[in-house]
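Observations on chain architecture
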Amino acid sequence: MEVLTDEQLNQYRLDGTKVRVVRDALEINDVIGIVVAWDDSTVMIRRPNKRIVKLDRSYSITPFTMERINPFE
């Protein structure tokens with residue numbers, strides 16, 4: 001699993017790309033939203049209900065339009 005670079009996160013933020021953050025094997029636990037901020041170890045995602053979620057950058061972050069990849073298989 002590869003951690004996204006600052007440039008990739010910035011491109012997602014500027015484009016307003018909806019992303020999927022896969023935290024575990026269950027799809028229901030995925031966080032879907034747009035990137036709003038990040039630092040060296042965390043990323044902040046704004047969910048559709050306007051709430052902000054602060055997550056570890058080591059999670060799998062991909063564009064929502066891509067098929068979900070389960071990194072635990």
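In case you missed it, the structure is sitting above this.
Keep in mind that what you see is a predicted model, and the values were worked out from it rather than measured. (Residues numbered from 1 in each chain as written. Predicted model: local features only at pLDDT ≥ 70, side-chain atom pairs only at ≥ 80, totals over all residues. Heavy atoms only, no water.)

This part is about the overall build of the protein. Across its full length, the protein carries one helix and five strands. Reading the protein from its N terminus to its C terminus gives the helix and strand order α-β-β-β-β-β. At 11 Å, the protein has a C-alpha radius of gyration in line with the 11 Å of a compact globule built from 73 residues. Counting only C-alpha atoms, the protein reaches 30 × 25 × 20 Å along its principal axes. Sorting the 73 residues of the protein into buried and exposed places 32% on the buried side. Considering only contacts in the protein between residues 6 or more positions apart, those separated by 24 or more positions represent 43%. Roughly 5,000 Å² of accessible area belongs to the protein as shown, and the carbon and sulfur atoms make up 49% of that amount. In the protein, 11 positive and 12 negative side-chain charges are present, and the distance between their average locations comes to 11 Å. (Helix = DSSP H or I, 4+ residues; strand = E, 2+ residues; numbered from the N terminus. Rg over C-alpha atoms; globule rule 2.2 N^0.38 Å. Buried < 20%, exposed > 50% of the residue type's maximum accessible area, 1.4 Å probe, protein only. Contact = heavy atoms within 4.5 Å. Areas by Shrake-Rupley, 256 points an atom, 1.4 Å probe, with all protein chains shown as cover. Lys, Arg positive; Asp, Glu negative; His and termini not counted. Charge placed at Lys NZ, Arg CZ, Asp CG, Glu CD.)

Let's shift gears to the pairing of strand β4 (residues 52-56). In β4, alternate side chains face the same way, and those of V53 and L55 are buried while those of I52, K54 and D56 on the opposite face are not. Where strand β3 (residues 42-46) and β4 come together, five bridges link them in antiparallel fashion. In the strand pairing of β4, V43 is matched with L55. The turn linking β3 back onto β4 is made up of five residues, and K50 within it adopts a positive phi angle of 75°. (Pairing = 2+ DSSP bridges.)

Read these as spatial facts, not as claims about activity.
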